[in-house]
Amino acid sequence: MVVLAVVNQKGGVGKTVTAVNLAHGLALHGFRTLLVDLDPQGNVADCLGMPAGNELYRLLFPGNGLSLKESITPSGREDLDVVRSDKSSASLKLAIGALADRPREYILDDVLREAHYDVVVLDCAPSVDILHTLAVVAAHYVLIPTRLDQLAVKGVRDMLVTLRSLARITTCELGAIIPTFYDRTTNESYLQLKHLAETFHEYVWPPVPQDVVCRESTRYGKTLWEYGPSTRALVGYTDRSGRLIGGYQQVVKRVEEVLLR
């Protein structure tokens, strides 16, 4: 089993959209996938057209005793299950943070040892808190979606600093940086993508084009695979040689080839 944490300490970078469409894409490719929402906003359920739920709170609250199996909700899609979150996760952070003993950082890692899946995808809140730490400790790799603007790219650097600061208690590695909201018509997108590639080299994967269909699919509670299977955000854009580049379709392919090998 491989655990992937989708993280960025800056909000508005397409983190949940990335987590949801990556998880469903892997499920469609035959990987038994569990998607865990670690964000108190609970947007994963919205993106999948599911009712809200507080299973994360009930699973991780100290002394609660709810098993992982009892916390899992079928998504209605083959090979894709979900642990939902809601605003109760805000008080969960306080409860876990109040624990004085060292094992608190391993709570999620211990829980996921019960998971019988090929892949677990963790959707993390855009903040540095105890749930963020639990995700990095439990994960094998972090995937960092980022808008191609100065502030979001700074969020990538901040996330890597956090990853290094936790090196004593986790073996988690940088898996990939996923540029999102790529707009080929603006110089800023191009320059930021070039800067990322020159700085992080092979860790920077082909970008996901900006696409209004991402917002539309979320409104209807569907993934891009269901709502817009030929949309740019999924299939990418055509380069000068006629090849399709980027998009979540290629993200899924890269995850399979590079991180799940």
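Just so we're clear, the structure is a prediction, and the values are computed from it rather than from any experiment.

Peer 1: It is not clear to me how the layout of surface pockets should be interpreted in this structure. Could you clarify?
Peer 2: To locate leftover empty space, one rolls a probe as large as a water molecule over the atoms. There is about 630 Å³ of room inside the largest pocket. Contributing to the lining of the largest pocket are 31 residues, with Gly 14, Val 17, Arg 147, Phe 181 and Cys 214 lying nearest its centre. A class-by-class count of the residues in the lining of the largest pocket yields twelve nonpolar, ten polar and nine charged. There is about 180 Å³ of room inside the second largest pocket. Every element with two or more residues in the lining of the second largest pocket is listed here: α6 (107–112) and α7 (130–138).

Peer 1: What is the right way to look at empty space enclosed by the protein in this model?
Peer 2: Applying the stated criterion across every chain yields a total of one cavity of 30 Å³ or more. Taken together, Val 17, Val 20, Asn 21, Cys 47, Cys 214, Ser 217, Thr 218, Lys 222, Thr 223 and Leu 224 make up the lining of the largest cavity. Every element with two or more residues in the lining of the largest cavity is listed here: α1 (15–28) and α10 (213–219). When its residues are assigned to classes, the lining of the largest cavity shows five nonpolar, four polar and one charged.

Peer 1: Could you clarify how one ought to interpret unusual backbone geometry in this entry?
Peer 2: Positioned with a positive phi, Phe 181 is a non-glycine residue whose angle comes to about 55°. Phi at His 201 takes a positive value of approximately 55°, unusual for a residue other than glycine. By the secondary structure assignment, His 201 is in the loop between α9 (187–200) and α10.

Peer 1: What's the story with the sheet that holds strand β3 (residues 73–77) in this structure? I'm lost.
Peer 2: Each strand in a sheet pairs with its neighbour through backbone hydrogen bonds, running either in the same direction (parallel) or in the opposite one (antiparallel). With respect to topology, seven strands assemble into an open sheet ordered β3-β4-β2-β5-β1-β6-β7, the strand pairing being mixed. Pairing within the sheet leaves two strands with one partner each, and these edge strands are β3 and β7 (173–180). On average, adjacent strands in this sheet sit at an angle of 25° to one another, irrespective of strand direction. The pairing of strand β6 (residues 141–147) with β7 spans seven bridges and is classified as parallel. Considered in β7, the bridge of Ile 144 is made with Ile 177.

Criteria and cut-off values
- Along each chain, the written sequence defines residue order, and numbers are assigned to residues from 1.
- The predicted origin of the model limits local features to residues at a pLDDT of at least 70 and limits the giving and counting of side-chain atom pairs to 80 or more, whereas totals for whole chains, interfaces and linings rest on all residues.
- Side-chain measures here rest on the full set of heavy atoms in the structure, leaving out hydrogens and waters.
- Definitions used for this entry: grid spacing 1 Å over protein atoms alone; cavity, a set of points where a 1.4 Å probe fits but cannot get out; pocket, an open set with protein on both sides within 12 Å along at least 5 of 7 lines; lining residue, one with an atom within 4 Å of a point.
- Grid points are joined across faces, edges and corners, and a volume is the space filled by probe spheres set on the points.
- Residue classes follow a fixed rule: Ala, Val, Leu, Ile, Met, Phe, Trp, Tyr, Cys and Pro count as nonpolar, while Asp, Glu, Lys and Arg count as charged, and any other residue, Gly among them, counts as polar.
- Each helix is a run of DSSP H or I of at least 4 residues and each strand a run of E of at least 2, with the numbering of both proceeding from the N terminus.
- What makes two strands pair is DSSP finding at least two bridges between them.
- Axes here mean lines fitted to C-alpha atoms, for a helix over just the part in contact, with angles spanning 0 to 180 degrees between N-to-C directions.

In short, the description is geometric, and any link to function would need to be established separately.
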